[in-house]
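Coordinate inspection notes
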Amino acid sequence: MNILILGSGGREHALAWKTEQSPLCKKLYIAPGNAGTQHCGTNVDLNMNDFGAVESFIRQHKINLVVVCPEEPLVDGIRDYLEARFTDDQLLIVGPDQAGAKLEGSKEFAKEFMASNDIPTAAYKSFTAATFEEGVDFLESLKPPYVLKADGLAAGKGVVIVNSLDGAIETLKDMLLNKAFGAASQKVVVEEFLSGIEVSVFVATDGSNWVLLPEAKDYKRIGEGDTGPNTGGMGAVSPVAFAQGEFMEKVKARIVQPTIDGLKKAGIDYKGFLFLGLMNVNGDPYVIEYNVRMGDPETEAVLPRINSDFADLLQSMANGTLDQYTLEICPDFAVTIMLVSGGYPGSYEKGHVISGLDKAEKSHIFYAGASEKDGKTVTSGGRVIAVTSLHPSLEKARGLSLKSAEAIEFTGKFLRKDIGKDLL
Ligand code: AMP
Ligand code: GLY
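Our subject in this report is the structure included herewith. (Residues numbered from 1 in each chain as written. Chains lettered and ligands numbered in written order. Predicted model: local features only at pLDDT ≥ 70, side-chain atom pairs only at ≥ 80, totals over all residues. Heavy atoms only, no water.)

1. Regarding unusual backbone geometry
The condition is simple: In DSSP terms, a helix is any run of H or I states spanning at least four residues, a strand is any run of E spanning at least two, and both are numbered starting from the N terminus.
For the bond running from A31 to P32, omega is -5°, close enough to zero to count as cis. On the secondary structure map, P32 appears in strand β2 (residues 27-32). Look at the link from P144 to P145: it is a cis peptide, with omega at -10°. Mapped onto the fold, P145 is located in the loop between α7 (132-141) and β7 (146-150). The phi torsion at N282 lies on the positive side, around 50°, for a residue other than glycine. Take N282: it is sitting in the loop between β16 (272-281) and β17 (284-291).

2. Description of the sheet that holds strand β12 (residues 217-218)
Note the cut-off: Any two strands with at least two DSSP bridges between them are considered paired.
The strand order across the open sheet built from five strands is β12-β15-β18-β22-β19, with neighbouring strands paired in antiparallel fashion. Sheet topology places β12 and β19 (364-367) at the edges, where each strand pairs with a single neighbour. Relative to strand β22 (residues 383-391), strand β18 (residues 333-340) runs antiparallel, the two being bridged by eight bridges. Directly across from F333, in β22, lies its bridge partner H391.

3. As for the site of ligand 2
Applicable threshold: Proximity is defined per residue: if any heavy atom of the residue lies within 4 Å of a molecule or strand, that residue is considered near it. What qualifies as a polar contact is a pair of N or O atoms within 3.5 Å, subject to a donor-acceptor requirement within protein and to the restriction that residues adjacent in sequence count only when both atoms come from side chains. The accessible surface values rely on the Shrake-Rupley method and a 1.4 Å probe; as for residues, cover is taken only from the protein chains in view. Side-chain classes are defined by residue name, with Ala, Val, Leu, Ile, Met, Phe, Trp, Tyr, Cys and Pro counting as nonpolar, Asp, Glu, Lys and Arg as charged, and the others, Gly among them, as polar.
Lining the immediate environment of ligand 2, one finds D218, G232, F275, N291, R293, G295, D296, P297 and E298. Residue D296 places a main-chain N or O atom 2.9 Å away from a nitrogen atom belonging to ligand 2. For ligand 2, whose free accessible area comes to 200 Å², the fraction covered by protein is 87%. Broken down by class, the residue content of the shell around ligand 2 amounts to two nonpolar, three polar and four charged.

4. Some points on the packing of helix α5 (residues 98-105) against helix α6 (residues 107-116)
Basically, it comes down to this: Note on geometry: axes are C-alpha line fits, over the in-contact stretch for helices, and angles between N-to-C directions span 0 to 180 degrees. Here the word oblique covers every angle except those under 35 degrees (roughly parallel), over 145 (roughly antiparallel) and from 65 to 115 (roughly perpendicular). When checking whether two residues touch, look at their non-hydrogen atoms; a contact exists if any pair is within 4.5 Å.
Between α5 and α6, the shortest axis-to-axis distance is 6 Å and the interhelical angle comes to 100°. In this view, α5 runs roughly perpendicular relative to α6, as classed from their interaxial angle. Taking contact as the criterion, the partners of A99, K102, L103 and G105 in α5 are, on α6, K107, F109, A110 and F113. Taken together, the residues that form the contact of α5 with α6 break down as five nonpolar, one polar and two charged.

5. Here's the deal with the site of ligand 1
Around ligand 1 lies a shell of 15 residues, among which E191, E192, L194, E198 and E289 are the nearest. For ligand 1, a nitrogen atom lies 3.1 Å from a polar atom in the side chain of K149. Taking K220, its side chain carries an N or O atom lying 3.1 Å from an oxygen atom of ligand 1. Every element with two or more residues in the shell around ligand 1 is listed here: β7, β8 (159-162) and β17. Of the residues belonging to the shell around ligand 1, the class tally is eight nonpolar, no polar and seven charged.

6. Some thoughts on α7
Short version of the rule: Partly exposed describes any residue whose relative accessible area lies between the buried limit of under 20% and the exposed limit of over 50%, with all areas from a 1.4 Å probe on protein chains only and scaled to the type maximum. This arc corresponds to the set of directions leading from the helix axis out to the C-beta atoms.
If you check which residues of α7 are buried, you get F132, G135, V136, F138 and L139. Summarising the axial view, the buried residues of α7 lie within an arc of 160°, below the 170-degree limit, and thus occupy one face. Exposed and oriented more than 90 degrees from the buried face of α7 are E133 and S141. At its buried positions, α7 is contacted by β6 (124-128), β7, α8 (165-176) and β9 (187-191).

7. Focus: the pairing of strand β14 (residues 227-230)
Note: strand β13 (residues 221-223) against β14, two bridges, orientation antiparallel. Bridge pairing in β14 places G223 opposite T227. As consecutive antiparallel partners, β13 and β14 are separated by three residues, and within that stretch G225 has a phi angle of approximately 70°, a positive value.

8. Topic: the packing of aromatic side chains
Stated precisely, the cut-off is as follows: Centres within 6.5 Å make a pair out of two Phe, Tyr or Trp rings, where for Trp the six-membered ring is used; the pair is then stacked when the planes are under 30 degrees apart, edge-to-face when over 60, and tilted otherwise. Either the NZ atom of lysine or the CZ atom of arginine qualifies as a charge over a ring when it sits within 6 Å of the ring centre and within 35 degrees of the ring normal.
Scanning all chains against the criterion turns up nine aromatic pairs. Taken together, a centroid distance of 5.4 Å and an interplanar angle of 65° make the contact between W17 and F366 edge-to-face. With a gap of 349 residues between them, W17 in helix α1 (residues 10-20) and F366 in strand β19 connect regions that are remote in the sequence. Seen from their ring centres, F113 and Y290 are 6.1 Å apart, and the 75° between their planes marks the pair as edge-to-face. With F113 in helix α6 and Y290 in strand β17, this pair connects stretches of sequence that are 177 residues apart. With relative accessibility at 6%, the residue F113 sits in the buried group. Judged by relative accessible area, Y290 falls into the buried class, the value being 2%. Here the guanidinium or amino end of R85 rests over the ring plane of Y81, the centre of that ring lying 3.6 Å away. Over the ring of Y219 we find K217, and its NZ or CZ is 4.1 Å from the ring centre.

9. Some words on the pairing of β7
Along a regular strand, successive side chains alternate from one face of the sheet to the other. The buried count for β7 comes to five of five residues, which makes it a mostly enclosed element. Where β7 meets β9, four bridges bridge the pair, whose relative direction is antiparallel. Directly across from A150, in β9, lies its bridge partner V188.

10. Overview of the packing of α7 against α8
Packed helix pairs are characterised by how far apart their axes lie and by the angle those axes make with each other. Spelled out, the test is: Take the far helix as the reference: if the near one is turned anticlockwise from it by less than a right angle, the crossing is left-handed, and if turned clockwise, right-handed.
Where α7 contacts α8, the two axes come as close as 10 Å, and the packing angle between them is 155°. Classified by the interaxial angle, the pair formed by α7 and α8 is roughly antiparallel. Like other packed secondary-structure pairs, α7 and α8 cross with a definite hand, here right-handed. Between α7 and α8, the contacting residues are F132, G135, V136, L139 and E140 on the first element and L165, A168, I169, L172, K173 and L176 on the second.

This is how it looks when you write it as structure tokens:
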């Protein structure tokens, strides 16, 4: 197969690396890709949000399978666009259609979907500028802390958690009346705060059959001990000790199967990855959010643990034969540490030369915000490099990744040294 991966982060580098290892993969293209993906296939200077340009590239390069990694083109309907122009045997697509992508594109839709399918989630109500006063009444009926979510896509920044009632009312006003998140906060979901530990669970589905990829824990805050502002993710660990056995059985029975059934009932033919952001509340799983894609940096921890053929998995998801696919998982721990630019998630400098990569040979190096300039690899984003190490011992996997993370250098480099420490 000729395969096209759309995206440019560490997640896409991990996906390209894994896909390229398959004998099923003839030619691999990544659009736009980054400094790492160019070693797995051919980077293509293509705007993935320009669906016409994607279509032309697919025709020109006889692409058989396209994997859409980020949420934006999915929410904007790239699958629907391509499906209308290619038949199933001409082009296989991994990624849901616009109706399915609404699970991430609209928090209100996701909550309604969960309510109508009896999927456990926090109690909620949603409000618009016209119902602002009812929103205030609802906040007054809840106990702190208060959780407010912009309905639409807000680049991972649309969730605000506030401790005081006054602060929550002020935030609701900002979101609804002052359009703090633009169109994304025309509607706001206010929900009950769930107290527990989070875990990310990844479902691969062909619309009927599904398999669970290894679960992971994401470290979202910039500072050690989970302090400071939220980021795209500072690291990840897989497997997660508390998300095994009985808990996972509950996840499958109460969340995964009802979600797949609910999508079918709604007439949505969901072929792609579904990321469940879960809260473990005293041993019971609740859905915090759905994402219609793989996570980043979770993918950089999850994919190195998959031993079976990844292109075969992608193909089976896209052509509806996932029941014939056997997923093989490596039992080792994977610890992923993100190296980020100084100042991230605020403003940061770009263009610093990255060195010491040769001293990190015991780890997988996945590039995120890194590009090539004059034959050198330089920083080009907030999250720069994900370092992943595998070992049967979590402590040793952590040690290996820390050592590699220390060896790689660039001006302003910052990392969290406590990734996985809480799981020891
Ligand atoms: P999201 O963008 O939906 O992933 O939300 C960002 C983060 O906010 C989540 O990872 C949780 O840590 C937190 N969060 C979201 N909803 C809730 C909730 N109902 N209770 C507690 N924490 C939440
Ligand atoms: N790591 C969280 C996400 O990808 O949304």
